[in-house]
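A structural walkthrough
Each chain, written out:
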Amino acid sequence: MTSDKLTFYTNKGCPYAQRVAIALKALNLPHDHVEIDLDNKPEWYPKINPETKVPALAINDTILTESLVIAEYLLEQYPSTLYPTTPLARAQTRFFITLFTDKVNAKTGALQWSGVFGPALDDLKKDQLVKELFAGVRQVNSWLSANSGAGPFATGEKPGFADVALGPFLLRLPVFTAITGVEIPEGVEYDRFHQWVRAVQEWDAAKDTFPGVEVIVGRVQEKIAKVKTAQAQ
Ligand SMILES: N[C@@H](CCC(=O)N[C@@H](CS)C(=O)NCC(=O)O)C(=O)O
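Note that the coordinates shown come from a computational prediction; the quantities given were computed from them, not determined experimentally.

C14, Y16, L38, T52, K53, V54, P55, E66 and S67 make up every residue found near the ligand. Residues that form the shell around the ligand fall into these classes: five nonpolar, two polar and two charged.

We now examine the sheet that holds strand β3 (residues 56-59). If you walk across this open sheet you meet the four strands as β2-β1-β3-β4, and the pairing is mixed. Of all the strands in the sheet, just β2 (32-35) and β4 (62-65) have a single pairing partner and so form its edges. Direction aside, neighbouring strands of the sheet carry axes that sit 20° apart on average. Looking at chain direction, strand β1 (residues 6-10) and β2 are connected through four bridges and run parallel. Along β2, the bridge assignment pairs T10 with E35. Those strands touched by helix α1 (residues 15-26) are β1 and β3, and its axis lies near 145° from that of β1.

Moving on, we get to unusual backbone geometry. P55 follows V54 through a cis peptide bond whose omega is 5°. Mapped onto the elements, P55 comes out in the loop between α2 (45-48) and β3. At the junction of G151 and P152, the peptide bond is cis and its omega measures out at 10° in the coordinates. In this structure, P152 sits in the loop between α5 (123-147) and α6 (161-171). Non-glycine residue N28 carries a positive phi angle of around 60°. Inspection of the secondary structure puts N28 in the loop between α1 and β2. Note on N28: 11 C-beta atoms within 10 Å, which makes it exposed. Despite not being glycine, E66 has its phi angle at roughly 80°, a positive value. Structurally, the position occupied by E66 is in the loop between β4 and α3 (67-77).

Attention now goes to the domain arrangement of the chain. Annotation of the chain at the domain level lists domain 1 (6-77) and domain 2 (87-221). Taking only C-alpha atoms, the centre of domain 1 and the centre of domain 2 are 22 Å apart. Across the contact, 14 residues belong to domain 1 and 15 residues belong to domain 2. For the side of domain 1 that touches domain 2, the secondary-structure elements that each account for two or more residues are α1 and α3. The dominant element in the side of domain 1 that touches domain 2, judged by the number of residues it contributes, is α1, at eight residues.

In the sheet, β1 pairs with β3 via four bridges, with the strands oriented antiparallel. From the neighbouring strand, Y9 faces β3, where its bridge partner is A56. Handedness of the β1-α1-β2 crossover: right-handed.

Our next topic: the nonpolar core. Looking at soluble globular proteins, one finds that nonpolar side chains tend to be buried together. V20, A23, A71, L75 and V164 are the most contacted members of the largest nonpolar core, which has 49 residues in total. No other element matches α6, which puts eight residues into this core. Both domains that furnish three or more residues to this core are identified here as domain 1 (6-77) and domain 2 (87-221). Excluding anything up to four places from it in sequence, A23 contacts A71, L74, L75 and V164.

The rules we used
- Residues numbered from 1 in each chain as written.
- Predicted model: local features only at pLDDT ≥ 70, side-chain atom pairs only at ≥ 80, totals over all residues.
- Near = placed C-beta within 6 Å.
- Nonpolar A, V, L, I, M, F, W, Y, C, P; charged D, E, K, R; others polar.
- Pairing = 2+ DSSP bridges.
- Helix = DSSP H or I, 4+ residues; strand = E, 2+ residues; numbered from the N terminus.
- Axes fitted to C-alpha atoms, helices over the stretch in contact; angles between N-to-C directions.
- Contact = placed C-beta atoms within 7 Å.
- Buried ≥ 20, exposed ≤ 12 C-beta atoms within 10 Å, placed from the backbone.
- Domains from an automatic or database assignment.
- Right-handed = clockwise from strand over helix to strand, strands pointing away.
- Core = buried A, V, L, I, M, F, W, Y, C linked by C-beta atoms within 7 Å.

Structural data, given as structure tokens:
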């Protein structure tokens, strides 16, 4: 429990904001929820976050922004089994978060948002990125096999910091497949990765803060259509 007043500025579709939502839920922290319409942001929002992005978290009168910073603050401030107990374990977890972000998330993002947020990729570049993505997943699979015993979570039997940070992106892999048609392969080099995805999909704190694959696919398609229409004008 906390005596601090927590106010969470979020948008339910945002994976970064979901990191904080997962932490708040898993730690059972009471808070006020302020949903920000990203297509029509309130005129007062820059006072909360000058970047006008979600998430932001007010702790009494102090405002934190950047999802990883907020999530880690919460895990550190409110002790639980989620936060690694030694500096070395924390460093290893941060390494894994970076590995996944660079080798997997950056690739799925570039493919899913080709021509929308990033440059439009030709087929050759897409094929190259798919190869890099699969290689990245195999690297993540190796790290999991070497560092988390039998799993099923990123750093062991129970969910932890890495699952809070990366869970939103694992939940959105079916969205990525629906939009791009690219599916992560099966097989021994990918088994531990899929086991991790399934564990996060069944974890209450992740499940209960996710609007669902269809809802997110709909939002992504809407966004793509909107940007393409604007580009055509
Ligand atoms: N690095 C930021 C990224 C947050 C972010 O990109 N949020 C998006 C929604 S998913 C946003 O607020 N976009 C609104 C905008 O860019 O105007 C974090 O981790 O908190």
